[in-house]
Amino acid sequence: MSDDDVDHELLALMRQKFGLGRANPNAPPDTKVLEHAQFICDNSIDVAISMAHTKLAAIAVSEEMQKREYSTKSWSEHELHPKAKDEATVNFIFTMDLLNFSFWSLRGEEERFTVDYKGRKWTGYWSLVAALQRALDEGIPITSPEFWFDGEKDEQEVRRNAGTASGVTKSAPWKDPEAPRLPNEAFNTGVYPDPPAPRLPNESFDTGVYPDPESPQQPAASEANVTANSHDGSIEVADERILEDQHDDDSDIWSDALEAQSEEAAGPGQSPQLNEEELAAPQRVRCTEDVLRHVFRSSTNEEIPMFNLRVHCLREAGRVLHDHFDGSVVTLIQDAKGSAAGLVNLLADRFSCFKDESNYERKKVRFLKRAQIFVADLWAAFEGEGYGEFNDIDKITMFADYRVPQILHSLGLISYCPPLEGRIRRGEIIESGHSWEVQIRGCSIWAIELLRREILKIQPNAKVNAILLDFFLYDLAKEKEKAGEETLPHHRTRSIWY
Ligand SMILES: Nc1nc2c(c(CN[C@H]3C=C[C@H](O)[C@@H]3O)cn2[C@@H]2O[C@H](COP(=O)(O)O)[C@@H](O)[C@H]2O)c(=O)[nH]1
């Protein structure tokens, strides 16, 4: 670091020591996400924003949004989104955005995690929404916090009865049901130990013939999984195959635990069988991992990505809501007193699984993607009224996921340095927290802000904010993907945050 570089850590320390720049307790809440996005963009060397393309996109995007009459109403028009303006919808949206991350797959369209619902096959984000709707149709109360909270106690009882708690090797502490928590550094780095790699196709076990790792459908050698070593916080990049071997080594112990609870999956698309009592009275079903595997069952060989961590998110949210918000999401919303930024900060402060932060140039930066999209989904679903009424909704920024940066790149608003573009084009995983990932996320947020400003320059009365721009561009990205118009693939980072 050269002499004239600002040492942000030292600056923050001096401010704290001399009470300078201390947040005014009466100031309106601010998430700092937009400020940090501008800081990242101003200091990015691998990702750039094109103002020329931003100005052009402002014309095209505003015209298309006007043509489609794009508004908060568009949210409820999606087939799978809940329509009622009630507390059940609040709970649905909270559950959805608690788990709204990492749906991309190393597998082809036929093999990737897929949910069959209402006669259609749903993948990606929509597979999550479909799985939740399917569970509710089956009478499983998957969107109620007390269900997740009570399930944690049930789970420990089930495992104690199965006598597996002591049997799980310490080499994978996150698998040990008695382990108090995921390693703290996992929350700090955002890199979580991957759940056991998906099992190989069943026929491999029957025939003993395993797919040739070099064969085209296998992930490229460089597409690795990233796992956090829970002992020293280091990041190990393990090849997919190595991870599968590890999984096979541990799987006896791990699958013993599951078998102790119920029959193993009867094969692709079949979940562990719920017992007659559970099937007859699903509303009394307990939220054990077995039941969650049933909820998130796939019609292919791939289970929902990062299953363990999704369970962890549900368990933590159930505990925090029970301990601090009377077990109610509505109470959580009311505690924010009508402030969108206040609700985002409340989520980030109270729920570690919403605390989506990173470091850039020795400064802590906040993205808070799922906390922000929760507030945005509430605002859109309730059309700015009732549980969706906020006095500062325009403080919400774009949600730094992996899909919108892809369309921003295809529209020319953002561009990548050749090594980064090459890595994305080859589909190689970028470690969570890597400078490249932080630059993509920060510059995408700032690009949407610049786009919003350019639209208001040409249409001062446009009803547009970062949320509607983001929703519109996400939907546009999915339309392009469906039409096979994808250009550069999205960047791949296995992350719990987005
Ligand atoms: N920035 C942004 N990211 C979004 C969404 C949505 C869906 N929002 C719905 C609600 C209103 C809109 O009209 C949408 O219909 C999902 N995601 C993220 O994308 C990824 C999933 O991608 P794929 O694997 O292709 O399904 C994953 O990180 C997920 O968290 C969005 O709107 N904005």
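Look above for the structure.
This one's a predicted model, so the numbers in the text were calculated from it and none came from an experiment.

Rules used throughout
Residues numbered from 1 in each chain as written. Predicted model: local features only at pLDDT ≥ 70, side-chain atom pairs only at ≥ 80, totals over all residues. Heavy atoms only, no water. Helix = DSSP H or I, 4+ residues; strand = E, 2+ residues; numbered from the N terminus. Buried < 20%, exposed > 50% of the residue type's maximum accessible area, 1.4 Å probe, protein only. Contact = heavy atoms within 4.5 Å. Areas by Shrake-Rupley, 256 points an atom, 1.4 Å probe, with all protein chains shown as cover. Polar contact = N/O pair within 3.5 Å; in protein donor to acceptor, adjacent residues only side chain to side chain. Disulfide = S-S within 2.5 Å. Expected span 1.5 Å × (residues − 1). Near = heavy atom within 4 Å. Pairing = 2+ DSSP bridges. Lys, Arg positive; Asp, Glu negative; His and termini not counted. Salt bridge = Lys/Arg side-chain N within 4 Å of Asp/Glu carboxyl O. Core = buried A, V, L, I, M, F, W, Y, C linked by side-chain atoms within 4.5 Å.

Re the overall build of the protein chain
In terms of helices and strands, the protein chain carries 20 helices and 8 strands. In the protein chain, which comprises 498 residues, the proportion classed as buried is 56%. For the protein chain, the share of sequence-separated contacts (at least 6 apart) that also reach a separation of at least 24 residues comes to 74%. In the form shown here, the protein chain has an accessible surface area of approximately 22100 Å², with 50% of it arising from carbon and sulfur atoms.

Concerning helix α15 (residues 340–350)
α15 sits mainly inside the fold: 9 of its 11 residues count as buried. Residues of α15 that are buried include every one of A340, A341, G342, L343, V344, N345, L346, L347 and A348, and no others. Where α15 is buried, its residues contact α5 (87–98), α14 (329–335), β7 (363–366) and α16 (369–381). By the N-cap criterion, in which a side-chain oxygen at the helix start approaches the backbone nitrogen of a residue two or three places on, α15 is capped by S339, the distance to A341 being 3.4 Å.

Some remarks on the state of the cysteines
Under the criterion given, the structure shown has 0 disulfides. Free of any disulfide, C443 has its nearest neighbouring cysteine sulfur in C41, separated by 4.0 Å.

Regarding helix α19 (residues 435–458)
With 24 residues, α19 should reach 34 Å at 1.5 Å per residue; the first-to-last C-alpha distance of 34 Å fits that figure. The buried count for α19 comes to 18 of 24 residues, which makes it a mostly enclosed element.

Looking at the site of the ligand
Around the ligand, 23 residues are found, and the nearest of them are N100, Y125, K369, R403 and D470. Between an oxygen atom of the ligand and a side-chain N or O atom of N100, the distance comes to 2.6 Å. Here an oxygen atom of the ligand and a side-chain polar atom of Y402 are 2.9 Å apart. Coverage of the ligand by the protein amounts to 100% of the 670 Å² it exposes when considered alone.

Observations regarding the environment of N301
Structurally, N301 is set in the loop between α12 (289–295) and α13 (307–324). Take N301: its relative accessible area is 27%, and that puts it in the partly exposed class. Between the C-alpha atom of N301 and that of R112, which follows or precedes it by 189 residues, the distance is 7.4 Å.

Description of the pairing of β7
Two faces belong to every sheet, and in a regular strand the side chains alternate between them. Examined bridge by bridge, strand β6 (residues 357–360) and β7 share 4 bridges and lie antiparallel to one another. When the sheet's bridge partners are listed, E357 is paired in β7 with R366. Where β6 folds back onto β7 in an antiparallel hairpin, the turn is made up of 2 residues, including E361, whose phi is positive at roughly 50°.

What to know about the side chain of D377
Of note, D377 is situated in helix α16. Although D377 is buried, it makes no salt bridge; K369 carries the closest opposite charge, 8.1 Å away. Engagement of the side chain of D377 in a polar contact is seen with the side chain of W75, the distance being 2.9 Å. In this structure, D377 is in contact with W75, I93, M96, D97 and F471, ignoring residues within four places of it in sequence.

A closer look at the pattern of salt bridges
Per the stated rule, a full pass over the model turns up 27 salt bridges. Of the charged contacts in the structure, one is a salt bridge between R112 and E109, with a shortest N-O distance of 3.6 Å. Residue R112 is classed as buried on the basis of its relative accessible area of 11%. K364 is the partner of E357 in a salt bridge, and the nearest nitrogen-oxygen pair spans 3.7 Å.

Some details on the environment of F399
Tracing the sequence through the fold places F399 in the loop between α16 and α17 (404–410). A C-alpha to C-alpha distance of 15 Å links F399 and L450, two positions 51 residues apart in sequence. Aside from chain neighbours lying at most four places away, what touches F399 is K369, Q372, I373, A376, I467, D470 and F471.

A look at the nonpolar core
When a protein is soluble and globular, its nonpolar side chains tend to lie buried together. Counting 129 residues, the largest nonpolar core has F94, L98, L332, L343, F351, F374 and L473 as its most contacted members. Of all the elements, α19 adds the most residues to this core, at 11 residues. Leave out the neighbours within four places in its chain, and L332 touches F94, L321, F325, L343, L346, L347 and F351.

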